[in-house]
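Chain by chain, the residues run as shown.
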Amino acid sequence: EERDRLLPLLEKEEKETQDRERVYSEELDAYEGNLVTKIAQEIQEGYIISRVGSLTVHRLGRIKTDLDTYHSELAIYPVGFDSTRVYFAPGETAKKGGPMVKRCIYRCQIVQDLELGRPLFVVTVNNKSFTSHDATEAWESVCENMAHS
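Remember, predicted model here, so these are calculated numbers, not experimental data. (Residues numbered from 1 in each chain as written. Predicted model: local features only at pLDDT ≥ 70, side-chain atom pairs only at ≥ 80, totals over all residues. Heavy atoms only, no water.)

Enquirer: Looking at this structure, I do not really get the overall build of the protein chain. What am I missing?
Expert: For the protein chain, the helix and strand inventory stands at two helices and six strands. Ordered by position from the N terminus, the helices and strands of the protein chain form the series α-β-β-β-β-β-β-α. Looking at the 149 residues of the protein chain, the share that counts as buried comes to 23%. Here the contacts in the protein chain between residues at least 6 apart in sequence split such that 29% fall between residues at least 24 apart. Only carbon and sulfur atoms are counted for the fraction: they give 54% of the accessible area of the protein chain, which is about 11,300 Å². (Helix = DSSP H or I, 4+ residues; strand = E, 2+ residues; numbered from the N terminus. Buried < 20%, exposed > 50% of the residue type's maximum accessible area, 1.4 Å probe, protein only. Contact = heavy atoms within 4.5 Å. Areas by Shrake-Rupley, 256 points an atom, 1.4 Å probe, with all protein chains shown as cover.)

Here it is, written out as structure tokens:
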């Protein structure tokens, strides 16, 4: 008798719970779908900001497939790539075992050299830019210059 009285109430409560879960699931799916769509659009346009530690990627850039100079067997060089990183200044040494205190913001970009049809690597630190068609050479210029300043 008590069971017969409670059973419809339990069934009603179970149905209401399932309805709430279904609505919540639909709302979550819509939110995630919109978020995924937004992220996909930003990625297609090359604009997405991501931070990992002291590295911030401001723009992923676009991969050029029409020119062989924008990729190698080991790397791709997306035009428009833009990142910054806070790091110690080259040549900075610890004072009497203490921490290194001088830090710089390094900005790294890959731009398109329209004249030569090659990527141009630009590293900017302390408002001074170093450029080269070779990424390693651009960084070597930074290190050499900063070590002498």
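Further notes follow.
Enquirer: Is there a simple way to explain the layout of surface pockets in this structure?
Expert: Regions of empty space are outlined by a rolling probe, equal in size to a water molecule, passed over the atoms. Roughly 180 Å³ of volume is contained in the largest pocket. Looking at the largest pocket, the residues that line it are Ala 75, Ile 76, Tyr 77, Phe 81, Cys 108, Gln 109, Ile 110, Phe 121, Val 122, Val 123, Ala 135 and Trp 139. When contributions to the lining of the largest pocket are tallied by element, the ones reaching two or more residues are β4 (103–113), β5 (118–125) and α2 (135–147). Residue classes in the lining of the largest pocket are distributed as eleven nonpolar, one polar and no charged. (1 Å grid on protein atoms, 1.4 Å probe; cavity = no way out; pocket = protein on both sides within 12 Å on 5 of 7 lines; lining within 4 Å. Points joined across faces, edges and corners; volume = space filled by probe spheres on them. Nonpolar A, V, L, I, M, F, W, Y, C, P; charged D, E, K, R; others polar.)

Enquirer: How do you make sense of the packing of aromatic side chains when you look at a structure like this?
Expert: For any pair of aromatic rings, the description consists of the separation of the ring centres together with the inter-plane angle of the planes. Applying the stated criterion across every chain, the model contains two aromatic pairs. With a centroid separation of 5.3 Å and 85° between ring planes, the pair formed by Tyr 77 and Phe 121 is classed as edge-to-face. Placement of the pair is Tyr 77 in the loop between β2 (55–59) and β3 (82–88) and Phe 121 in strand β5, with a sequence separation of 44 residues. On the accessibility criterion, Tyr 77 (23% relative accessible area) is partly exposed. Between Tyr 106 and Trp 139 the ring centres are 5.7 Å apart and the planes differ by 40°, which places this aromatic pair in the tilted class. Separated by 33 residues along the polypeptide, Tyr 106 in strand β4 and Trp 139 in helix α2 bring together distant segments of the chain. Tyr 106 sits in the buried class, given a relative accessible area of 4%. A cation sits over an aromatic face here: Lys 64 above Tyr 70, 5.9 Å from the ring centre. (Phe/Tyr/Trp six-rings, centres within 6.5 Å; stacked < 30°, edge-to-face > 60°. Lys NZ or Arg CZ within 6 Å of the ring centre and 35° of its normal.)

Enquirer: Explanation requested: the pairing of strand β6 (residues 128–132) in the structure shown.
Expert: A regular strand places its side chains on the two faces of the sheet in alternate fashion. For β5 and β6, the ladder comprises five bridges, and the chain directions are antiparallel. Within β6, the position partnered with Val 123 by the bridge is Phe 130. Hairpin connection between β5 and β6: a loop of two residues separates the two successive antiparallel strands, and Asn 126 in this loop has a positive phi of roughly 50°. (Pairing = 2+ DSSP bridges.)

Enquirer: Can you help me understand the nonpolar core in this one?
Expert: Side chains of nonpolar character tend, in soluble globular proteins, to be buried together. In this structure, Ala 89, Cys 104, Tyr 106, Ile 110, Phe 121, Val 123, Val 125, Phe 130, Ala 138, Val 142 and Met 146 together form the largest nonpolar core, which totals eleven residues. Contributions of two or more residues to this core are made by β4, β5 and α2. Setting aside anything within four residues of it in sequence, one finds Val 123 in contact with Arg 107, Lys 128, Ser 129, Phe 130, Ala 138, Trp 139 and Val 142. (Core = buried A, V, L, I, M, F, W, Y, C linked by side-chain atoms within 4.5 Å.)

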